[in-house]
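Structure at a glance
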Amino acid sequence: MSATAEGTKSTTPVPSVPGNTRKSVTGTRKTIAAGFLLPALVLLGALVVYPIGFSVYRSFFDKSGGSFAGLDNYIEIFTDDTILTAVKNNAIWVVVAPTVATALGLIFAVLTERVRWGTAFKLVVFMPMAISMLASGIIFRLVYEQDPERGIANAVWVGVHDTFSDSAGFPKAHPLPVHPLKAAGGGAFVTKDTVRAGTDVQLPLVGVAPDVMPSDAERAKAPQPSDSSGSEDKVNGTAWLDFTRGGGGKPNVIDASELGLKGIKVEAVKDGKVVASTEAAADGTFTLPAEADGAQLRLPASNFREPYNGVNWLGPNLVTPAIIGSYLWMWAGFAMVLIAAGLASVPRELLEAARVDGANEWQVFRRITVPLLAPVLAVVMVTLMINVLKIFDLVFIIAPGSSQDDANVLALQLYRSSFGTDADLGVGSAIAVLLLLLVIPVMLFNVRRMRKETRR
C-alpha cells in the first residue's frame, strides 16, 4: 500500500477566478488610486485650474468687472507704452539671462574639474542660491548705489577711473564780485585785466567745500618776488581759496589759514588762443613764461567739473542689465551644479580617445563635451526661461521709482495693474493670460524632451 500510495500523485484542483471577480479587483485598485489622488486633484483645481479659468474670464471685462469689454484689454497690452516696455524687457530677460547663466555654469563646471579647490569654488558660487530674491535685491540695491562711498560697484569703477584719469576738481567754485576774475562763459573764468610780466597775479575763489579740497593742499602764500628769482620776464601768481573759517578774513588778501588751490589749471589767452598754461602748486603758486605777458589769465571750465562719481547703474539706460547681473549672481551657481552633475556622467574614455587622436582641449570641449551635455543644458535653459518669465522680486526691489518704468517686466506690471488705488483687474488678468501663453510653449518643449529621454 505504501508503494501504491507513493506512486499516486495528489492533485488539488485550483479554483478558477470568474471574470467579474477580476474586474472587481481592478476596479477596486482604480478606486483606491483615485482616492489617493483626489486631495491632490482638489488642490490642483482650487489653486491652479480655477485661477486660470477665472483670469481668462475676467480678462474680457472692464475695470469694474460689470461690463463686457471683449478684446479691449488685450489691445491695451500691445498699445500702452508702459506695458510694451514690459514686454520688450521680458524678451531681453528670456534671451539674455538664461543663455549667460547657462554659459557661466558650463564654464565653471568644466574649469572646476581641473583644480584641487573646485569643490570649495562650487560651494561659494552656489551659496547665493540660499539667499531669497528679496534679500538679494536689497544687497544689489546697495551694490549699485551711485555714491562711491556706499556702492561697491561705483567704488571699484571710480578707483579704476582715477588710476588713469585724475577726477579732482573744484565744483561750484566761483569768484566774488570784488575779485579780479569774471565769468567767461561755458563755466570758465578770466581776469578782468591783462597781466604783465614781473607783476604778481591774484586768482582768489570761493565756494569750494572743505571735503572737496585736495588733502595735501598747503597754506596759500604769495609768489616769490620776480627780481629775487631772476624771472622778471615771467608771470607769477597765486590761486587760493579766499575764505577763512570762522570769519575775519579779508577779500583779495591771502590770510594765514587759507589754502592754495592745488592742481588748478591756469591758461594765458591772447586773441582767443592759449599761449601758455600751467598748474598751481600745493600752496597755490604758479609761474607762466614770458609769452603770458599782455594776456588774460583764464581758469578753464575743466577746473570746475564735478568729481567722477562712477556710473549711474540704476539709471534708465543700464537698470535692466544691472538687474540681470544680480540674477546671474544668484542663478549661475544653480546652472553650474546641474551641469557638473551631468559632466560627472560623461564617459572619460571618449575624452581621452579624442585627445589621443590629436584633438586639442577646445575641440574636445566643443565637439564632445558640449554635445554629450546637450540634454542637461536643455534642462537648465528651459528651467531658467520659465523662471525669468515670471521675474518680479529683483526688479521691484532694485529698480528705483524713477527707473521702474524702464525696468518694467510683465510680472511687475501685473502687480501694478492689479493692486493699488488705480487697479484695473481687466488689464491685470489679460497680462496674466499673456504670461500663461508665453510659458506654455516652453513647458510643452520640456514635456516633449522628457518623453524622448524616457523612451531612450
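Nothing here was measured: the structure is a model prediction, and the numbers come from that model.

Overview of the side chain of glutamine 404
- One can find glutamine 404 in the loop between α13 (393–398) and α14 (410–418).
- Taking the relative accessible area as the measure of exposure, glutamine 404 reaches 15% and is therefore buried.
- Leave out the neighbours within four places in its chain, and glutamine 404 touches Val395, Phe396, Ala399, Leu412 and Arg416.

Some words on the packing of aromatic side chains
- On inspection of all chains with the given rule, the structure shows 21 aromatic pairs.
- On the basis of an interplanar angle of 20° and a centroid distance of 5.8 Å, the ring pair of tyrosine 327 and tryptophan 331 is categorised as stacked. One end of the pair is tyrosine 327 and the other is tryptophan 331, both in helix α9 (residues 319–344) and four residues apart, which spans about a single turn. The pair formed by tyrosine 327 and tryptophan 331 is uniform in burial state, with each residue classed as buried.

Regarding helix α11 (residues 361–372)
- Under the 1.5 Å per step criterion, the end-to-end length of α11 is 15 Å for twelve residues, consistent within 8% with the ideal 16 Å.
- Looking at α11, one finds that the buried residues are Val364, Phe365, Ile368 and Thr369. Along the axis of α11, the buried residues cluster in a sector spanning 130°; they form a single face. In this structure, α11 carries Trp362 and Arg367 as exposed residues pointing more than 90 degrees from its buried face.
- The inward-facing, buried residues of α11 contact α4 (81–112), α9 and α10 (348–356).

Focus: the sheet that holds strand β8 (residues 296–299)
- If you trace the five strands from one edge of the open sheet to the other, you get β1-β2-β8-β5-β6, paired in antiparallel fashion. In this open sheet, the two strands that pair with only one neighbour each are β1 (181–185) and β6 (273–279). Strand-to-strand, the axes of this sheet are offset by a mean angle of 30°, without reference to chain direction.

Digging into the sheet that holds strand β7 (residues 285–288)
- If you walk across this open sheet you meet the three strands as β3-β4-β7, and the pairing is mixed. The sheet terminates laterally at β3 (200–205) and β7, the two strands that pair on one side only. In this sheet, neighbouring strand axes are inclined to one another by 25° on average, regardless of whether the strands run parallel or antiparallel.
- Two elements, strand β4 (residues 235–241) and β7, share four bridges in a ladder whose sense is antiparallel. Each bridged residue has a counterpart across the sheet, and for asparagine 236 the counterpart in β7 is threonine 287.

Basis of the calculations
Residues numbered from 1 in each chain as written. Predicted model: local features only at pLDDT ≥ 70, side-chain atom pairs only at ≥ 80, totals over all residues. Heavy atoms only, no water. Helix = DSSP H or I, 4+ residues; strand = E, 2+ residues; numbered from the N terminus. Buried < 20%, exposed > 50% of the residue type's maximum accessible area, 1.4 Å probe, protein only. Contact = heavy atoms within 4.5 Å. Phe/Tyr/Trp six-rings, centres within 6.5 Å; stacked < 30°, edge-to-face > 60°. Expected span 1.5 Å × (residues − 1). Arc of directions from axis to C-beta. Pairing = 2+ DSSP bridges. Axes fitted to C-alpha atoms, helices over the stretch in contact; angles between N-to-C directions.

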